[in-house]
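Descriptive analysis of the structure
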Amino acid sequence: MRDTEFTSTTRVNVVAFAGFPGHKLDLTINRIPVREIPDDTPPDRGGASLDSDIEDRLRNLPGYANLWHAQYARQCLSPVVIVGDGREYLQNQREELIEDVPLWLGDEQRALLSEDSHQTSNPERTYFHPFMVFSPQVGNTLPWLRAMKPRLVIVTSWSAHRRMHPSLFAGAPHIILANRRVKSAVAAADFLDQVKARGADAPVPTPPHGIFVRTFEHQVLVDSAELSDDDEWSDEL
Amino acid sequence: VTRDLTEASRRYAAAAAAEARYDALEWPHFERFLAALRALERKADQLAPTQPVHNLLTRLRFVRRILRSAPLPANHDFLGLDSVLGLDSREIPESFGAEVDTCIAAVEALLETPEHPALGFLAERIFGSPDRSVNALVIRQAVDPVARLFAERGWSANVVDLTGAKRADLTDVALILGSPEFHAHWNLGFSEAARSVAWLLNSPMGMTTQVVSWPGNFPFDPDNYVAWTGASRREIPVRGATRFTVDIDRASELDKGNGGLPDLPDETGGEIEPVPATAVRLVDSQWIFFSDDYGPSPYYVDFDDFEAVVREAKYLREVVPGMVLLVRDGEASRSFLDEEARQWILERHNQKRYERCTNLRAEFRQLMRDLGMRPDGVTRLRNAGISEADAQRRLRLANDPTHIAPQKREDFETLCGVIGLSCSDDTWSDITLLRTAARQAGHTARKALEEAVRADDKWQALVDIPSTARITIPHAGTVALVPVLEVLGEKRNVPISRLGQLETAGGTR
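To start, this report covers the structure provided alongside it. Note that the structure is a prediction, hence the values are computed from the model and not measured.

At the junction of Ile465 of chain B and Pro466 of chain B, the peptide bond is cis and its omega measures out at 0° in the coordinates. For Pro466 of chain B, the location among the structural elements is in the loop between helix 17 (458-463) and strand 12 (469-473). A positive phi angle is found at Tyr127 of chain A, which is not glycine, with a value near 80°. Its place among the elements puts Tyr127 of chain A in the loop between helix 4 (107-114) and strand 5 (131-134). When its relative accessible area of 3% is taken as the criterion, Tyr127 of chain A is described as buried. Even without being a glycine, Phe169 of chain A presents a positive backbone phi close to 55°. Turning to its location among the elements, Phe169 of chain A is positioned in the loop between helix 6 (158-163) and strand 7 (174-176).

In structure tokens, the structure reads:
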């Protein structure tokens, strides 16, 4: 995985690398997993290679075989992000999940979750790994990170959600885990009373095991200190 | 607490399928005691109570607090009700005579048949089946005596306070003794209190939750204990009364003290102009003053999911009623910080460098103080391009024991120019080193505080009342943990040396 600059060409389905005149790939574009990175993303974020063990495991997965690079890259470019306190604890939980309840995960998820590069909490490595684990404050000084769009953001507590920059990963669906036994549960309940529930026709999951679910829409500020109210937009969480 | 997926799964299963029951018991003698105490409190609201009456009130309120929420016999040593019977009636003023006599008669009646009604209920309904595991929730103050009593009666139960309940492994039975709201923070209104402990019924600590209530408890309404509006709640079969005759106002249990703002004499004899500071009313008739511009920042105890943490309030607006402030004895605190800072510098440099730094700071502060004594002190600073307000602030800061020097080099150089102190790269480097060492010392001090508050949580029972607790930290003196009752909106002029110090209404520490 690496950041690359592209330029447009006049030929259909051809991609040219900027800085390498004449270097063109005659490929169907959708076979190359690419994702636009936000303005001001650090210019040299390095690259990431995969552990050979995980590479082998991916190769052997159905549908991966010779396309494993592309399949893996698609996962990295659309990562699942965990936001919460105690990143080490969260990383330990990942290991516990793989070891203790392997049946909860498919082969692909197990392989992807096994990646332990010690870089999955480094914001500069976002889009280089299939999952990232961040603290709630991670986006406070990194506007480019806030503009990235993970596939899913899982926030491990309501208080962590309240401490996140209001536009961090705006546009990505969020799951917020609220612990009923902590103080912030009251704040969560108040918030849920105030926000608009999703439309009556939207299905609300009713999981078993005493888990209560509420889905809602939430106003998210577009990321700029100079915004006027007109620039607000609604985003589904 | 067991933190594995099996226990997690059991907890969620309990939240989905657990049963809950409510039983209210009768206890006429305690009801009579509550009515008598209430009459005495009303009288004490009208007439200032004398010390013996005040002492009696304190004891009876303590007994009420415990017996409302813990199944102890009224003659239990922990309650000390016998001492009330030994009261010398000659010490009681006539104006309180009738109410005190009624209270004493009620205590006598209570002691004649001292068994708490909850004990019979528990023997029959809960501990009759010895194989069942039990978590029993009582208020923090009563955890130890209740655990001992249960053990004496051969009852096996994990007796916990609210914090313990959050961590407790799931059991067959979760006992909630007294109103769930007794376990909420004292600063919350009833509705908020109910919501804050709603998890006891919607994310319970046992497969069957049994609420046991009796006179003195708050009204019980199952609808108060849902996770949020619209979340499902199970039926809670109710037996007995859900409301009792004597309704006790939670706020009446707060002793706000009778002292007004303390009188703070200026120990410098008027040499230093006082600074505007915010007065914070604390429990036990104590006060503390803080300023965003001068003196130390407030430290307070907070809780993350499971542990106490010590935080610094960067701005006074963060200080709110209900917060527990950590206040160290001023001198011990300062010497501890100075010593930590010294060690930090010595580990990296040497004694000579340390002395150079401290001498520089002392010289700078002395020259600034000298400037402040001159009638044209402010004018000189203004002539150097400093605004009047900033000039005043700089001169005052020279008397602030926590202050080192301006944060910005250009500001420091300007001041040095006025007071005639040479400012080289080395000078600024010394100031920076001293500031870094002070910051590190502050960090170490905060960690030491955190370790101390985690090492022994007995203080929690006292601040829950709310009242003042004290803990001792090795090499750093005593720390008071004091709940905040009120933050006054209007500022007072306070000598800079008194900022961040505990004060009582009489102006003494």
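The next point concerns the side chain of Gln286 of chain B. Residue and element names in this part refer to chain B. Relative to the helices and strands, Gln286 resides in strand 8 (residues 286-290). Reaching out from Gln286, the side chain makes a polar contact with the backbone oxygen of Val283 at a distance of 3.0 Å. Setting aside residues up to four positions removed in sequence, Gln286 forms contacts with Val280, Arg281, Thr468, Arg470, Val482, Leu502, Glu503 and Thr504.

Another point: helix 5 (residues 94-112) of chain B. Residues and elements named next belong to chain B. Between its terminal C-alpha atoms helix 5 stretches 27 Å, which fits the 27 Å expected from 19 residues at 1.5 Å a residue. At Val100, helix 5 shows its strongest bend, of approximately 25°. Turning to helix 5, its buried residues are Phe96, Gly97, Glu99, Val100, Cys103, Ile104, Ala106, Val107, Ala109, Leu110 and Leu111. Contacts from the buried residues of helix 5 go to helix 2 (28-46), helix 3 (51-69) and helix 4 (82-85).

Let's shift gears to the pattern of salt bridges. It is possible for side chains of opposite charge to pair when their charged atoms get near one another. All names here are of chain B. By the definition in use, this model includes 31 salt bridges over all chains. Of the charged contacts, one joins Arg64 and Glu41 as a salt bridge, the two residues approaching to 2.9 Å between their closest N and O atoms. Remark: Glu41 occurs in helix 2 and Arg64 occurs in helix 3; sequence separation between them is 23 residues. Looking at Glu41, the relative accessible area reads 8%, which means it is buried. Between Asp88 and Arg90 there is a salt bridge, with the nearest N and O atoms lying 2.9 Å from each other.

A separate point is the sheet that holds strand 7 of chain A. All names here are of chain A. Strand order in the open sheet formed by 4 strands is 5-4-6-7, and the pairing between neighbours is parallel. Two strands close off the open sheet at either side, each with one partner strand: strand 5 and strand 7. The average undirected angle you get between the axes of adjacent strands in this sheet is 15°. The strands touched by helix 3 (residues 87-100) are strand 4 (80-83) and strand 5; relative to strand 5, the strand with the most contacts, the crossing angle is about 145°.

Reading the values: rules and limits
Residues numbered from 1 in each chain as written. Chains lettered and ligands numbered in written order. Predicted model: local features only at pLDDT ≥ 70, side-chain atom pairs only at ≥ 80, totals over all residues. Heavy atoms only, no water. Helix = DSSP H or I, 4+ residues; strand = E, 2+ residues; numbered from the N terminus. Buried < 20%, exposed > 50% of the residue type's maximum accessible area, 1.4 Å probe, protein only. Polar contact = N/O pair within 3.5 Å; in protein donor to acceptor, adjacent residues only side chain to side chain. Contact = heavy atoms within 4.5 Å. Expected span 1.5 Å × (residues − 1). Bend = angle between axes of the 7 residues up to and from the residue. Salt bridge = Lys/Arg side-chain N within 4 Å of Asp/Glu carboxyl O. Pairing = 2+ DSSP bridges. Axes fitted to C-alpha atoms, helices over the stretch in contact; angles between N-to-C directions.

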